[in-house]
Amino acid sequence: MTSDDNDATRRQPTEIEIRDLHKSFGATEVLRGIDLQVTPGEVVCVIGPSGSGKSTLLRCINLLEEPSRGRIVVAGTDITDPDVDIDAARRRIGMVFQQFNLFPHLTVSGNLVLPQRRVLGRDKRTADRVARENLRRVALTDKADAYPAQLSGGQQQRVAIARALAMDPRVMLFDEPTSALDPELVGDVLAVMRSLAADGMTMVVVTHEMSFAREVADRVVFMDEGRVVEQGPAAQVVGSPRHERTRDFLTRVLDPAASKL
Ligand SMILES: Nc1ncnc2c1ncn2[C@@H]1O[C@H](COP(=O)(O)OP(=O)(O)O)[C@@H](O)[C@H]1O
Ligand SMILES: [Mg+2]
């Protein structure tokens, strides 16, 4: 497919549509022409070596980085249009980072209420109710009055997910959400993400959790050196990769000790 393809020729509705996305930092081209479509309710896992551009891709979708070239349409809005209302566009996109980025001086509840009031202008009652609903979704109702420092990393990450959900996003982006967690805390975060997927949330997840990708992803995208090398169902990309680079990467991720020999 070329970037000149007419949208009208494709019937499949897309929630995220990325065409020929390039991003350079100075002379370094980090994204070298990414084409990616995500349909409503689809869960796409993005895998690839460190430095391949995965975070930059997510950051472009959320306009935390300005693309150097190409087009990104989210929920029908061309967010690369210079006239777009960036704040409105960003509101449709929830983002969860490796580091949870909670406000340390606010309670869990306060972390969920503040952005709803500031960004969406919700009244206190509504914001409180939505906060409670979303804390229930991540099984942390009992921690509403705790401060982030009193929570485990896994609990903090679940608060960060609830905070993003409280903004009613159309899509959720996750950038290695479990990479900073102790191994025994990973499962609870993945369980929350699994239930979100089951609820029909459109998700793009950068992760090294291959068992999660196999079980939950509708599609796995392998990136290397700023390009999509291959993509397809998890069973295919993770189970029987076509490209040498994908095989090398998976060998290293699935058996880290092997790469040190
Ligand atoms: N703000 C930035 N300025 C300069 N270089 C950057 C910036 N952000 C990322 N890079 C570079 O872009 C490349 C891809 O980074 P990143 O998207 O974080 O990769 P990944 O998430 O796959 O590890 C890396 O070489 C990184 O050093
Ligand atoms: Mg990254």
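Residues numbered from 1 in each chain as written. Chains lettered and ligands numbered in written order. Predicted model: local features only at pLDDT ≥ 70, side-chain atom pairs only at ≥ 80, totals over all residues. Heavy atoms only, no water.

Caption draft 1: Molecular detail of the UniProt feature "domain: ABC transporter" (unreviewed entry) in the protein chain. Using the residue numbers shown here, the UniProt feature "domain: ABC transporter" (unreviewed entry) corresponds to residues 16-250. In residues 16-250, the share of helix is 37% and the share of strand is 26%. The end C-alpha atoms are 26 Å apart. (UniProt positions renumbered as here; feature names shortened; annotations may be inferred. Helix = DSSP H or I, 4+ residues; strand = E, 2+ residues; numbered from the N terminus.)

Caption draft 2: Region of the structure containing the sheet that holds strand S8 (residues 202-206). Taken in spatial order, the six strands of this open sheet run S6-S7-S8-S3-S9-S10, and their pairing is mixed. Both edges of this open sheet fall to strand S6 (93-96) and strand S10 (227-232), since each of them pairs with a single strand only. With strand direction ignored, the average angle separating the axes of adjacent strands in the sheet is 20°. As paired elements, strand S7 (residues 171-175) and S8 share five bridges and run parallel to each other. Considered in S8, the bridge of Phe174 is made with Val205. Together, S6 and S7 form the strand contacts of helix H5 (residues 153-165), whose direction differs from that of S6 by roughly 170°. Lying over the sheet, helix H9 (residues 244-254) contacts strand S3 (43-47), strand S9 (219-224) and S10, oriented at roughly 100° with respect to S9. (Pairing = 2+ DSSP bridges. Axes fitted to C-alpha atoms, helices over the stretch in contact; angles between N-to-C directions. Contact = heavy atoms within 4.5 Å.)

Caption draft 3: Expanded view of the confidence of the model for the protein chain. Model confidence for the protein chain is summarised by a mean pLDDT of 93, while 94% of its residues fall at 70 or above. Low pLDDT, under 50, characterises residues 1-5; the stretch is placed with six contacts to residues that sit more than four places away or in other chains. (pLDDT = per-residue confidence, 0-100.)

Caption draft 4: Region of interest: the pairing of S9. Burial analysis of S9 places six of its six residues in the buried class, the great majority of the element. Hairpin connection, S9 to S10: the antiparallel pair is bridged by two residues, and Glu225 has positive phi, about 50°. (Buried < 20%, exposed > 50% of the residue type's maximum accessible area, 1.4 Å probe, protein only.)

Caption draft 5: Quick peek at the pattern of salt bridges. For the structure shown, the criterion picks out 15 salt bridges. Asp168 is the salt-bridge partner of Arg122, the closest N and O atoms lying 2.6 Å from each other. With Arg122 in the loop between helix H3 (108-120) and helix H4 (124-137) and Asp168 in the loop between H5 and S7, this residue pair connects regions lying 46 residues apart in the sequence. The exposure class assigned to Asp168 is exposed, which follows from its relative accessible area of 52%. Measuring nitrogen to oxygen at the nearest pair gives 3.8 Å for the salt bridge that ties Asp188 to Arg158. Of the two residues, Asp188 sits in helix H6 (residues 183-198) while Arg158 sits in helix H5, which places them 30 residues apart along the sequence. (Salt bridge = Lys/Arg side-chain N within 4 Å of Asp/Glu carboxyl O.)

Caption draft 6: Looking closely at the layout of surface pockets. Considered as a void within the structure, the largest pocket measures approximately 550 Å³ in volume. Looking at the largest pocket, it is lined by 19 residues, and the ones nearest its centre are Asn62, Arg90, Ile93, Met95 and Met167. For the lining of the largest pocket, the secondary structure elements donating two or more residues are helix H2 (86-91), S6, H3 and H5. Ranked by the residues each element gives to the lining of the largest pocket, the list is headed by H3, at four residues. (1 Å grid on protein atoms, 1.4 Å probe; cavity = no way out; pocket = protein on both sides within 12 Å on 5 of 7 lines; lining within 4 Å. Points joined across faces, edges and corners; volume = space filled by probe spheres on them.)

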